[in-house]
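# Structure at a glance
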Amino acid sequence: NDVLRLEAVGKTYGKGGPAPVEVLRGLDLTVARGEVVALVAPSGAGKSTLLHIAGLLDTPDAGRVILNGRDMTGLPDKPRTEARRRELGFVYQFHHLLPEFSAAENIVLPQLANGISQRDAAARAADLLGRVGLSHRADHRPAQLSGGEQQRVAFCRALANAPSLLLADEPTGNLDPETSDRVFDMLMALVRDTGLSALIATHNHGLAARMDRVIGLNAVA
Ligand code: ADP
Ligand code: ADP
């Protein structure tokens, strides 16, 4: 019962050109339902490439990407975008919240895009903000929030549409170590409370050790 399965995934940039760059070769990776997996990779090893492939934003040139039992590999853009919207949540090092909208609105908008009613979307936003201790910041804009608060809102936004898999790239990498630790705890609690599965890239071995399993990614020789 795997949420995500990468089978023998390969990726080469500039294939057939004068200077191809082979980034992934024969990569197998699974995330089981409810599992939180750390992805630890030195810079340049292909972490972003892997997350883009898992996030259906890029396609491998070998192997298969299976999301919730469905082979996504050869599918056209439309079902891939649809699956991305419904089944995946994304968190980055920087929050990428919409500056002109409040914290709550930033969590409501992706739900409206998925056909959820304003009322249900607002209730879910309030619930999520409560879980990360930010009920009192619901009506504030991102610029009025601290870095740690902004990231916590970004976590809520990622979970807004109740995805089955969270993909995170250095989700606390922009925060000072103490804040990073605290905010990471909240992310883990949020993931556990909602039964979410996650693949979380981090350079921080301390954070990686708190996840269920660690996968190391090395540059292709
Ligand atoms: P990481 O996120 O681990 O730093 P990336 O996945 O961004 O690594 O990149 C892995 C390797 O692939 C790097 O050597 C990078 O220069 C190369 N690369 C990434 N994207 C492209 C691209 N669009 N074209 C050519 N090379 C690329
Ligand atoms: P649309 O713009 O119609 O929403 P997209 O394919 O651009 O369609 O986005 C679908 C989902 O994929 C969104 O939830 C968005 O957050 C996510 N997404 C889009 N582009 C990226 C990207 N470069 N990196 C990570 N997530 C992305």
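Scroll up a little and you will see the structure.
Keep in mind that what you see is a predicted model, and the values were worked out from it rather than measured.

### Remarks on the pairing of strand β6 (residues 88-91)
Of the two faces of β6, the one lined by L88 and F90 and the one lined by G89 and V91 are each fully buried. Where β6 lies against strand β7 (residues 165-169), four bridges are found, and the strand directions are parallel. Bridging from a neighbouring strand, G89 pairs with L166 of β7.

### Section: the sheet that holds strand β8 (residues 197-201)
Sheets are built from strands paired through backbone hydrogen bonds, the pairs being either parallel or antiparallel. The five strands lie next to each other as β6-β7-β8-β3-β9, forming an open sheet whose pairing is parallel. Both outer strands of the open sheet, β6 and β9 (213-216), are each paired with one neighbouring strand and no more. Here the average twist between neighbouring strands, direction ignored, is 20 degrees. Sheet topology places strand β3 (residues 36-40) next to β9; four bridges connect them, and they run parallel. Bridging across to β9, L39 finds its partner in I215. Against the sheet, helix α1 (residues 47-54) touches β3, β6, β7 and β8, its axis set at about 155 degrees to β7. Contacts from helix α5 (residues 147-159) reach β6 and β7 within the one sheet, and its direction differs from that of β6 by about 165 degrees.

### Concerning the layout of surface pockets
Computed from the structure, the largest pocket encloses a volume of approximately 310 Å³. Along the wall of the largest pocket there are 13 residues; nearest its centre are R84, R85, L88, P110 and N161. Contributing elements (two or more residues each) for the lining of the largest pocket: α2 (77-87), β6, α3 (103-113) and α5. The class makeup of the residues in the lining of the largest pocket is seven nonpolar, three polar and three charged.

### Details of the site of ligand 2
As a structural note, the neighbourhood of ligand 2 is formed by L57, T81, R84, R85, F90 and Y92. Note that an oxygen atom of ligand 2 is positioned 2.4 Å from one of the side-chain N or O atoms of R84. Contact distances for ligand 2 include 2.7 Å between an oxygen atom and a side-chain N or O atom of R85. Protein chains shield 46% of the accessible area of ligand 2, which is 540 Å² for the free molecule. A per-element tally of the shell around ligand 2 places α2 first, with three residues.

### Focus on the site of ligand 1
Neighbouring ligand 1 are the residues Y13, V23, P42, S43, G44, A45, G46, K47, S48 and T49. Between ligand 1 and G46 there is a distance of 2.9 Å, counted from an oxygen atom to a backbone nitrogen or oxygen. Ranked by residues supplied to the shell around ligand 1, first place goes to α1 with three residues. Taken together, the residues that form the shell around ligand 1 break down as four nonpolar, five polar and one charged.

Basis of the calculations
Residues numbered from 1 in each chain as written. Chains lettered and ligands numbered in written order. Predicted model: local features only at pLDDT ≥ 70, side-chain atom pairs only at ≥ 80, totals over all residues. Heavy atoms only, no water. Buried < 20%, exposed > 50% of the residue type's maximum accessible area, 1.4 Å probe, protein only. Helix = DSSP H or I, 4+ residues; strand = E, 2+ residues; numbered from the N terminus. Pairing = 2+ DSSP bridges. Axes fitted to C-alpha atoms, helices over the stretch in contact; angles between N-to-C directions. Contact = heavy atoms within 4.5 Å. 1 Å grid on protein atoms, 1.4 Å probe; cavity = no way out; pocket = protein on both sides within 12 Å on 5 of 7 lines; lining within 4 Å. Points joined across faces, edges and corners; volume = space filled by probe spheres on them. Nonpolar A, V, L, I, M, F, W, Y, C, P; charged D, E, K, R; others polar. Near = heavy atom within 4 Å. Polar contact = N/O pair within 3.5 Å; in protein donor to acceptor, adjacent residues only side chain to side chain. Areas by Shrake-Rupley, 256 points an atom, 1.4 Å probe, with all protein chains shown as cover.

Note that every value here comes from positions in space, so none of it alone points to a role or purpose.
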